[in-house]
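Architecture and fold: a report
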Amino acid sequence: MIPDYEILRFIWWALLGILLIGFAVTDGYDLGTGMLLRYAARSDNERRQVLESIEPHWEGHQVWLIVGAGVSFAAWPLLYATAFSGFYLAMFIVLAALILRPVGFNFRNKMPDKGWRNGWDWALFIGGFVPALIFGVAFGNLLQGVPFHLDADLRPVYEGGFFGLLNPFALLCGLTSVAMLVMHGGTWISLKTDGAVAARGRHAGMIAAAALILLFALAGLYVARFLPGYAITGDMAHGGPSNPLLKQAATESGAWLRNYGIHRWLLAAPLIGFAGALGALLLKYVRLGPRSEATERPQEHAV
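The paragraphs below set out a description of the structure included in this document. Computed from a prediction, not measured in an experiment: that's the story for all the values here.

Another point: the pattern of salt bridges. Here the structure, examined in full by the defined rule, presents eight salt bridges. Across the pair aspartate 121 and arginine 108 runs a salt bridge, and its minimum N-O distance is 2.5 Å. In this pair, aspartate 121 sits in helix H8 (residues 114–144) while arginine 108 sits in the loop between helix H7 (88–107) and H8, placing the two residues 13 residues apart along the sequence. Each member of the pair aspartate 121 and arginine 108 is classed as buried. Through salt bridges that share partners, Asp44, Arg47, Arg108, Arg117 and Asp121 make up one connected network.

With that settled, consider the side chain of serine 53. Counting through the fold element by element, serine 53 comes out in helix H3 (residues 44–54). Excluding residues that lie within four positions of it along the chain, serine 53 makes contacts with Trp188 and Lys192.

All chains considered together, the criterion is met by 16 aromatic pairs. With centroids separated by 5.7 Å and ring planes inclined at 85°, the aromatic side chains of phenylalanine 23 and phenylalanine 135 adopt a geometry described as edge-to-face. Of this pair, phenylalanine 23 sits in helix H1 (residues 5–35) while phenylalanine 135 is found in helix H8, placing the two residues 112 residues apart along the sequence. Phenylalanine 23 sits in the buried class, given a relative accessible area of 9%.

Where nonpolar side chains cluster on the molecular surface, the patch consists of Tyr5, Ile7, Leu8, Phe10 and Ile11 and spans about 490 Å² of accessible area. With respect to the helices, strands and loops of the structure, leucine 8 is situated in helix H1.

The rules behind these values
Residues numbered from 1 in each chain as written. Predicted model: local features only at pLDDT ≥ 70, side-chain atom pairs only at ≥ 80, totals over all residues. Heavy atoms only, no water. Salt bridge = Lys/Arg side-chain N within 4 Å of Asp/Glu carboxyl O. Helix = DSSP H or I, 4+ residues; strand = E, 2+ residues; numbered from the N terminus. Buried < 20%, exposed > 50% of the residue type's maximum accessible area, 1.4 Å probe, protein only. Contact = heavy atoms within 4.5 Å. Phe/Tyr/Trp six-rings, centres within 6.5 Å; stacked < 30°, edge-to-face > 60°. Patch = residues over 30% accessible without salt bridge, like charges linked within 9 Å, V, L, I, M, F, W, Y side chains within 5 Å. Areas by Shrake-Rupley, 256 points an atom, 1.4 Å probe, with all protein chains shown as cover.

See the structure below:
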């Protein structure tokens, strides 16, 4: 039996969601570890310890993102074309930053010179920070909607520019993304290293978790109070391929939160987000206990 369009749409959206979640969960702590490399590890030996915790598998984690792009192209080629042409500069910056990671891993230890290794350490920081920021900015713009029109041949044409993507709400989402991945990386470092490195990672994870709770709450309040959502105003054709010309939508105040009232179980999603950040915030006391806090306090000297 051949599935109908409604089932196929669900399958493709579920597949894309699983791939994006897989990328965020697995490669998220790789990016966070790169951002914390210069803070959590002060000496060359400590930095090697941190890098060796992610080197065996970081490259495989990026496959989630590659397959996600392939799924977007296979299911929604016009969406893929519009995104990759309209957001070309932003995606080029992300790609360039991601390229710094394999280059940094391969070349950092080629020379023992301190300046050489410090330079590649900064490259690995950029390779973690820039994608984390721009991914958050991208999702912030998707919530607001991006300007495009259909030309005479019904091809979508993006009307905005790169700096238009850097609006206040999108930057707030970008900072939320950075805080989330720093929290993730700090938790990873605290679990996979030991001594002062683990303590610094735990300390950074706690700070990032507190920042994430605040930023996530601010972004939610902004969406609830100031960001209009999209609502379908006409009939939808469920029996055919997805076609934006066959439906009508309008922006309405509070539309983004409407499904929380219709489907109460969706409230579990933001609650799980807050619970995860709170768990990372309490990680220090769960792992160490109050008596060990003084002995595991991060050292402030730099080498």
